[in-house]
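One letter stands for each residue in the lines below.
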Amino acid sequence: NIIYSAFTALNADFVPKSQMGLASGIMAILQLTGSCVGFGILKFVVEVKDAYVAYAVSLVLGIAITSVSILPLESPFEGDLPPVSCEAISQCYVITPGTHGDFFWVFGVRLFYYLSMSLQAFLLYYLHDGIGVENAEETLVVLVMVSQLVGAIISVPIGHISDRFGRKDILLATCIFEALLYVIFMTFPPLDVVYGVSICYGMANAALMTVEYALACDTLPNKGSTARDLGLWGIAAFLGGSFGPLIMGPVLHIVGYQENTTEYSKQGYIALFCIGIFFILTSGGLVKAVRGST
């Protein structure tokens, strides 16, 4: 989280606003391809215990390359450091429309987007219980890798389009599109259709990741606190990814419980997708509250 906050702040510090969508698309490519490659290596190449070594090596190399690349651009810090106190630290976690303006609404967009995305935690059980896939684990690996690779391909073009024509309309359209994909999932289609819908879902997620980050950089309230505010923006994803399963898990158990079986009913998964639709449409609705960016 510390590294992520600093890394996201680098773009906001050094990339011109007119190119922020393109830079955000490149970031999305790195995140999606890295996730896909890592996921594949973990599944097919190494054991979990060995993955920690690979993680440590990649982390050290990544920090070294980034530091060497960015140091010539950094300006030396001038002035006095602000005093560190419990009150000052607590104020870092305060975000309201009054203190952050449009950035507050972008924080809400990200929060509800990740609440909706937490549906992915139940896809394995959806494939097994709802679609009747026997090898659900292997199928899920293929779905995730293909959807992420396709998403990586479109992220830069989407970012470039958002630089030229604005970000809010793309975000709103993508949220509505994801809601429609959830509706298709609720019909429990054949596996071939699930593959197609998952690819579309990966494209939509890539578009959201790309444009939402660019919009966050556009609406930063104070260039002097970029890393702190983007750290708050990162917390929104953590809260959504954490509380989403905490909300949806009990709902699946209550609505979808069946006696004498470990499988959940289709009604339970329909309830989950309805919650996901509510979250993603709320995310899109909050986009409309952003006034200071297109």
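This section reports on the structure supplied with the text. Just so you know, these numbers come straight off a predicted model, no measurement behind them.

## Some points on the overall build of the chain
Part 1 of the reasoning: Helices and strands together make up the secondary structure of the chain, namely 12 helices and 0 strands.
Part 2 of the reasoning: Walking the chain from its N terminus toward its C terminus, one meets helices and strands in the order α-α-α-α-α-α-α-α-α-α-α-α.
Part 3 of the reasoning: Considering only C-alpha atoms, the chain reaches an extent of 70 × 45 × 40 Å along its principal axes.
Part 4 of the reasoning: In the chain, which comprises 294 residues, the share counted as buried stands at 42%.

## What about the nonpolar core?
Part 1 of the reasoning: Grouped together as the largest cluster of nonpolar side chains are 67 residues, with contacts concentrated most on Tyr 126, Leu 127, Tyr 182, Leu 230 and Phe 273.
Part 2 of the reasoning: In terms of residue count, the dominant contributor to this core is helix H10 (residues 191-218) (13 residues).
Part 3 of the reasoning: Ignoring anything within four residues of it in the chain, the contact list for Leu 127 reads Gly 132, Val 133, Ala 136, Thr 139, Leu 140, Leu 143, Leu 191 and Val 194.

## Structural notes on the packing of aromatic side chains
Part 1 of the reasoning: One pass over the full model with this rule turns up 12 aromatic pairs.
Part 2 of the reasoning: Taking 5.4 Å as the distance between ring centres and 80° as the angle between the ring planes, the aromatic pair formed by Tyr 126 and Phe 273 counts as edge-to-face. You can see Tyr 126 sitting in helix H7 (residues 123-131) and its partner Phe 273 sitting in helix H12 (residues 266-287), a full 147 residues away along the chain.
Part 3 of the reasoning: Pairwise contacts between aromatic rings join Tyr 126, Tyr 182, Phe 185, Phe 188, Tyr 201, Tyr 269 and Phe 273 into one cluster.
Part 4 of the reasoning: One Lys or Arg, Arg 110, reaches over the ring of Trp 233 and ends 3.6 Å from the middle of that ring.
Part 5 of the reasoning: Against the face of Phe 188 rests Lys 266, its NZ or CZ located 5.1 Å from the ring centre.

## Considerations on unusual backbone geometry
Phi is mostly negative for residues that are not glycine, and the peptide bonds are mostly trans.
Part 1 of the reasoning: With a phi angle near 50°, Phe 188 is a residue other than glycine that sits in the positive phi range.
Part 2 of the reasoning: Positioned with a positive phi, Asn 260 is a non-glycine residue whose angle comes to about 65°.
Part 3 of the reasoning: Counting through the fold element by element, Asn 260 comes out in the loop between helix H11 (226-256) and H12.

## Some words on H7
Part 1 of the reasoning: What H7 keeps buried is the set Tyr 126, Leu 127, Asp 129, Gly 130 and Ile 131.
Part 2 of the reasoning: For H7, the elements touching its buried residues are helix H8 (136-165), helix H9 (168-185), H10 and H12.
Part 3 of the reasoning: Phi for Gly 132, located one or two positions after H7, is positive at around 80°.

## Some points on a nonpolar patch on the surface
Part 1 of the reasoning: A surface patch of nonpolar side chains, about 700 Å² in accessible area, is lined by Ile 3, Phe 7, Leu 22, Ile 26, Leu 30, Tyr 55, Leu 59 and Ile 63.
Part 2 of the reasoning: Counting residues per element, the ones that place at least two in the nonpolar patch are helix H1 (2-14), helix H2 (20-44) and helix H3 (48-70).

## A short note on empty space enclosed by the protein
Part 1 of the reasoning: Going through the model one piece at a time under the given rule, you end up with 1 cavity of 30 Å³ or more.
Part 2 of the reasoning: There is about 100 Å³ of room inside the largest cavity.
Part 3 of the reasoning: If you go around the largest cavity, the residues you meet are Tyr 4, Ser 24, Met 27, Ala 28, Gln 31, Arg 110, Tyr 114, Met 209, Glu 212, Tyr 213 and Trp 233.
Part 4 of the reasoning: Where the lining of the largest cavity is concerned, the elements lending two or more residues are H2, helix H6 (102-117) and H10.
Part 5 of the reasoning: A total of 4 residues in the lining of the largest cavity trace back to one element, the largest contributor, which is H2.
Part 6 of the reasoning: Tallied by class, the residues present in the lining of the largest cavity amount to 7 nonpolar, 2 polar and 2 charged.

## Some thoughts on the pattern of salt bridges
Part 1 of the reasoning: Counting across every chain of the model gives 5 salt bridges.
Part 2 of the reasoning: Put simply, Glu 212 and Arg 110 hold a salt bridge, and the shortest N to O gap is 2.9 Å. Here the residue Glu 212 occupies a position in helix H10, and Arg 110 occupies one in helix H6, the gap between them amounting to 102 residues.
Part 3 of the reasoning: By relative accessible area, Glu 212 is classed as buried at 2%.
Part 4 of the reasoning: Looking at Arg 110, the relative accessible area reads 4%, which means it is buried.
Part 5 of the reasoning: Across the salt bridge formed by Arg 167 and Asp 163, the nearest N and O atoms sit 3.2 Å from each other.
Part 6 of the reasoning: Assessed through its relative accessible area of 5%, Arg 167 is described here as buried.
Part 7 of the reasoning: One continuous salt-bridge network, built from bridges that share partners, spans Asp 163, Arg 167 and Asp 218.

Basis of the calculations
Residues numbered from 1 in each chain as written. Predicted model: local features only at pLDDT ≥ 70, side-chain atom pairs only at ≥ 80, totals over all residues. Heavy atoms only, no water. Helix = DSSP H or I, 4+ residues; strand = E, 2+ residues; numbered from the N terminus. Buried < 20%, exposed > 50% of the residue type's maximum accessible area, 1.4 Å probe, protein only. Core = buried A, V, L, I, M, F, W, Y, C linked by side-chain atoms within 4.5 Å. Contact = heavy atoms within 4.5 Å. Phe/Tyr/Trp six-rings, centres within 6.5 Å; stacked < 30°, edge-to-face > 60°. Lys NZ or Arg CZ within 6 Å of the ring centre and 35° of its normal. Patch = residues over 30% accessible without salt bridge, like charges linked within 9 Å, V, L, I, M, F, W, Y side chains within 5 Å. Areas by Shrake-Rupley, 256 points an atom, 1.4 Å probe, with all protein chains shown as cover. Salt bridge = Lys/Arg side-chain N within 4 Å of Asp/Glu carboxyl O. 1 Å grid on protein atoms, 1.4 Å probe; cavity = no way out; pocket = protein on both sides within 12 Å on 5 of 7 lines; lining within 4 Å. Points joined across faces, edges and corners; volume = space filled by probe spheres on them. Nonpolar A, V, L, I, M, F, W, Y, C, P; charged D, E, K, R; others polar.

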